[in-house]
Amino acid sequence: QGNGPASKERIAKSPRHGQWIEDIKVAGADKPLRTWVVYPERPDKAPVVLVIMEIYGMTDWVQAPADQVAADGFIAVAPDFMSLKAAGTAVSALKTDEVVADLNAARDWGLAQPSANGKSASVGFCWGGNQSFAYAVAQAKLDAAVTFYGQPPMVGTPLKPDEAALAKIVCPVLSFYGGNDQRVTATMAPTQDAMKKLSKAFEVK
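Source: prediction; values computed, not measured.

What counts as what
- Residues numbered from 1 in each chain as written.
- Predicted model: local features only at pLDDT ≥ 70, side-chain atom pairs only at ≥ 80, totals over all residues.
- Heavy atoms only, no water.
- Helix = DSSP H or I, 4+ residues; strand = E, 2+ residues; numbered from the N terminus.
- Expected span 1.5 Å × (residues − 1).
- Buried < 20%, exposed > 50% of the residue type's maximum accessible area, 1.4 Å probe, protein only.
- Contact = heavy atoms within 4.5 Å.
- Phe/Tyr/Trp six-rings, centres within 6.5 Å; stacked < 30°, edge-to-face > 60°.
- Lys NZ or Arg CZ within 6 Å of the ring centre and 35° of its normal.
- Pairing = 2+ DSSP bridges.
- Right-handed = clockwise from strand over helix to strand, strands pointing away.
- Core = buried A, V, L, I, M, F, W, Y, C linked by side-chain atoms within 4.5 Å.
- Lys, Arg positive; Asp, Glu negative; His and termini not counted.
- Salt bridge = Lys/Arg side-chain N within 4 Å of Asp/Glu carboxyl O.
- Axes fitted to C-alpha atoms, helices over the stretch in contact; angles between N-to-C directions.
- Parallel < 35°, antiparallel > 145°, perpendicular 65-115°, else oblique.
- Left-handed = near helix turned anticlockwise from the far one by under 90°.
- Nonpolar A, V, L, I, M, F, W, Y, C, P; charged D, E, K, R; others polar.

Undergrad: Would you mind going over helix α2 (residues 60–71) with me for this structure?
TA: Residue pairs spaced three or four apart in an α-helix point in one direction, given the helix's 3.6 residues per turn. Across its twelve residues, α2 extends 16 Å between first and last C-alpha, which sits within 8% of the 16 Å expected from 1.5 Å per residue. The buried fraction of α2 is high, at nine of twelve residues. Buried residues of α2: D60, V62, Q63, A64, P65, A66, D67, V69 and A70, and no others. Elements that come into contact with the buried residues of α2 comprise α1 (5–13), β1 (18–24), β2 (33–38), β3 (46–52), β4 (75–79) and β5 (116–125). Residue G73 follows α2 closely and has a positive phi angle near 105°.

Structure below.
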């Protein structure tokens with residue numbers, strides 16, 4: 001998490017082309033969405049994967065998984081949501097509808113690239129895992145969603161998976177949970193039950 005020598009070294013030594021895109025427009029925003037993009041080395045067109053940052057913001061650690069996504073054959077598109085906010089704004093202060101608007105803009109940009117094959121997915125880590133799940137709810141044209149230590153939209157007291165939201169998911173969802181992260185892993189079984197009830201494709205690791 002955060003910046004670290006291993007992430008910096010991976011980015012520096014990567015044979016893949018990574019670059020900042022500075023001109024992605026988001027509806028209603030007065031600034032462009034700054035986005036880190038890494039291209040795979042492959043002869044054919046590739047799916048687009050939106051890489052959603054953790055709560056520490058756009059760090060080297062986020063750029064390194066984006067490079068791994070590209071190494072696996074996908075166009076990695078990692079938006080810096082904070083590039084639209086005033087300095088000092090916390091990632092936790094971002095609202096889901098703002099994140100969805102940013103992801104839609106990044107997805108549209110990615111799919112418009114000549115090297116894209118028309119398919120798209122999202123992957124997120126921790127805070128980003130929550131957002132990846134939420135994006136699967138919001139974007140019916142998403143082909144897949146992956147969450148690392150993320151929770152679905154939750155409602156009620158005590159909190160439980162929001163079945164009305166989960167019912168909107170069209171794509172398959174793959175979720176990874178940590179054995180020593182009971183705060184999140186406790187939501188795994190209820191989410192499995194809700195997704196099964198709704199006949200949604202949901203796999204956990």
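Once the structure has been displayed, the description carries forward.
Undergrad: Whenever I open this one, the packing of aromatic side chains confuses me. Can you help?
TA: Given two aromatic rings, one states the distance between the centres and the angle between the planes to describe the pair. Applying the stated criterion across every chain yields a total of seven aromatic pairs. Summarising the aromatic geometry, the rings of W61 and F125 are spaced 5.2 Å apart at their centres and angled 90° between planes, so their arrangement reads as edge-to-face. One end of the pair, W61, is in helix α2; the other, F125, is in strand β5, and 64 residues separate them in sequence. Note on F125: relative accessible area 12%, which makes it buried. Aromatic pair F125 and F148: ring centres 5.1 Å apart, planes at 20°, arrangement stacked. With F125 in strand β5 and F148 in strand β6 (residues 144–148), this pair connects stretches of sequence that are 23 residues apart. Above the face of the W20 ring, R34 is positioned so that its terminal group lies 3.7 Å from the ring centre.

Undergrad: Just checking my understanding: could you explain the pairing of β3 for this structure?
TA: Walk down a regular strand and you will see the side chains alternate between the two sheet faces. Burial of β3 is extensive: seven of the seven residues sit out of reach of the surface. The sheet contact formed by β3 and β5 spans six bridges and is parallel. In the strand pairing of β5, V48 is matched with S120. Summarising the sheet, β3 and β4 pair through three bridges and their orientation is parallel. The residue of β4 that forms the bridge with L50 is V77. Traced from β3 through α2 to β4, the parallel crossover comes out right-handed.

Undergrad: What should I look at first to understand the nonpolar core in this one?
TA: One broad rule of soluble globular proteins: the nonpolar side chains tend to lie buried together. Counting 57 residues, the largest nonpolar core has V51 and I169 as the members making the most contacts within it. Sequence-distant contacts of V51, defined by excluding residues within four places in its chain, comprise V62, A66, V69, A76, V77, A78, P79, V123 and F125.

Undergrad: Looking at this model, I keep getting lost on the side chain of D162. Mind explaining?
TA: Mapping D162 onto the fold places it in the loop between β8 (160–161) and α5 (163–166). Here D162 is buried and forms no salt bridge, its nearest opposite-charge partner K168 lying at an N-O distance of 7.6 Å.

Undergrad: Could you clarify how one ought to interpret the packing of α1 against α2 in this entry?
TA: Angle between the axes and distance between the axes are the two parameters that describe a pair of packed helices. Running from N to C, α1 and α2 point in directions that differ by 45°, and their axes come no closer than 8 Å. Taken together, α1 and α2 sit at an angle that is classed as oblique. Judged by the sense of rotation from one axis to the other, the crossing of α1 with α2 is left-handed. Only D60, W61, Q63, A64, D67, Q68 and A71 of α2 make contact with α1, whose side of the interface consists of S7, K8, R10 and I11. For the contact of α1 with α2, the residue count by class is four nonpolar, three polar and four charged.

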